[in-house]
Amino acid sequence: MKKGRLIKGIGGFYYVDVEGIVYECKARGIFRQMKITPLVGDYVEITVLDEDHKKGVLEKIMERRTELIRPVVANVDQAIIVFAVTRPEPNITLLDRFLVLAESEDLDITICFNKADLATDNKHKELVKVYEAAGYKVILTSAKDEKSVKLLKETLADKTNVFAGPSGVGKSTLLNKIDSGLNLQTGEISQKNARGKHTTRHAELIAIENHGWVVDTPGFSSLDLDFIEEEDLALYFPEFAPYIEDCKFSTCKHLKEPKCAVKSALKSGEIYEKRYESYLKFMEEIKNTRRF
Ligand SMILES: Nc1nc2c(ncn2[C@@H]2O[C@H](COP(=O)(O)OP(=O)(O)OP(=O)(O)O)[C@@H](O)[C@H]2O)c(=O)[nH]1
Ligand SMILES: [Mg+2]
Ligand SMILES: [Zn+2]
């Protein structure tokens, strides 16, 4: 048997990368009987049936470390959350949504502000400051600046990375720069025509040169946080963490409770207002969905 990684699943076939060679595999019936669905990202073992035509059988799925839900990919380590500094203008609430999602999935997180070459003022520097202060790793990139692309590439090494962010921010462009062999679709076409294509497109895992793996995802412009529990939300704002213990009430939701340490930190400027506003907004949404 050969060990490999499931990189794509289409129409009942599973494509398994074994040291750079891809085998088209059927899964053993036992998986269906046991209601186990092989996932992109799974580490697997296959039997090769036909070496010439690269066909095999999926025999075994190794235990999953993690299972991401959107997109459905197993064993993801890191989310690279990409926003443009402009064109399109960054939607900060949406960025905070992506962050909460990635935090709830317990992923490593890197924020990538792209299109630095288009920045005409210093607004993006403020953004970098806010998110670094919140404890995030932030990289400022431009697809036109090789040095910044190299920096991004280094953070992907030896990890399985999911690229997420709105449409048109340059996710696919950056990935093409990171590995010139990729040839992902970019630009106008990817934004307009491919909408239908994108929604039906399955997540695909792509090996890059430095032993990293990446998943490019189509951009999305909204993201429901209704799967999050009210009492967990604050845990997904890492800069709240040092204060939570000091709230007077252990059940404090940091809204209007007296002697709330998170709100004190907000007043003294240790927590940024915009971030707290996102917290309030998401809390409101979660409460509203729970009511029905
Ligand atoms: N000036 C500038 N343009 C960029 C940069 N990165 C990407 N672009 C352009 O932005 C447009 C969108 O890039 P894509 O890579 O297709 O964006 P995407 O995030 O993959 O978009 P979706 O696939 O729709 O989610 C293209 O026209 C790119 O050439 C950059 O750093 N600077
Ligand atoms: Mg794209
Ligand atoms: Zn509190």
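Keep in mind that what you see is a predicted model, and the values were worked out from it rather than measured.

The rules behind these values
Residues numbered from 1 in each chain as written. Chains lettered and ligands numbered in written order. Predicted model: local features only at pLDDT ≥ 70, side-chain atom pairs only at ≥ 80, totals over all residues. Heavy atoms only, no water. Phe/Tyr/Trp six-rings, centres within 6.5 Å; stacked < 30°, edge-to-face > 60°. Lys NZ or Arg CZ within 6 Å of the ring centre and 35° of its normal. Near = heavy atom within 4 Å. Polar contact = N/O pair within 3.5 Å; in protein donor to acceptor, adjacent residues only side chain to side chain. Areas by Shrake-Rupley, 256 points an atom, 1.4 Å probe, with all protein chains shown as cover. Nonpolar A, V, L, I, M, F, W, Y, C, P; charged D, E, K, R; others polar. Domains from an automatic or database assignment. Pairing = 2+ DSSP bridges. Helix = DSSP H or I, 4+ residues; strand = E, 2+ residues; numbered from the N terminus. Axes fitted to C-alpha atoms, helices over the stretch in contact; angles between N-to-C directions. Contact = heavy atoms within 4.5 Å.

Bringing the packing of aromatic side chains into the picture now. One pass over the structure, following the stated rule, counts eight aromatic pairs. The structure contains a cluster of three or more aromatic residues connected by ring pairs, namely Phe-237, Phe-240, Tyr-276, Tyr-279 and Phe-282. Between Arg-5 and the ring centre of Trp-213, over which it is positioned, the NZ or CZ distance is 5.2 Å. We note Lys-26 situated over the ring of Phe-13; from NZ or CZ to the ring centre the distance is 4.6 Å.

The subject of this paragraph is the site of ligand 1. Close to ligand 1 lie 22 residues, the nearest being Ala-143, Ser-167, Thr-173, Gly-187 and Gly-219. In the environment of ligand 1, an oxygen atom lies 3.0 Å from a nitrogen or oxygen atom belonging to the backbone of Gly-170. Within the side chain of Lys-171, an N or O atom sits 2.8 Å from an oxygen atom of ligand 1. Burial of ligand 1 by the protein amounts to 85% of the accessible area it has alone, namely 650 Å². Looking at the shell around ligand 1 residue by residue, the classes come out as five nonpolar, 13 polar and four charged.

The subject of this paragraph is the domain arrangement of the protein chain. Much of the literature gives interface size as the accessible area that the parts lose upon coming together. Under the domain assignment, the protein chain is made up of domain 1 (2–64), domain 2 (68–216) and domain 3 (230–290). A separation of 45 Å is found between the C-alpha centroids of domain 1 and domain 3.

Strand order across the open sheet formed by six strands is E10-E9-E8-E11-E13-E12, with mixed pairing between neighbours. On the outer flanks of this sheet lie strand E10 (137–140) and strand E12 (205–207), each paired with one strand and no other. Within the sheet, the average angular offset between the axes of one strand and its neighbour, ignoring direction, is 25 degrees. Of the pairings in the sheet, the one linking strand E11 (residues 160–164) to strand E13 (residues 213–216) comprises four bridges and is parallel in character. Its bridge partner lying in E13, Val-162 is registered against Val-215. Docked against the sheet, helix H2 (residues 92–104) engages strand E8 (78–84), strand E9 (108–114) and E11, running at close to 180 degrees with respect to E8.

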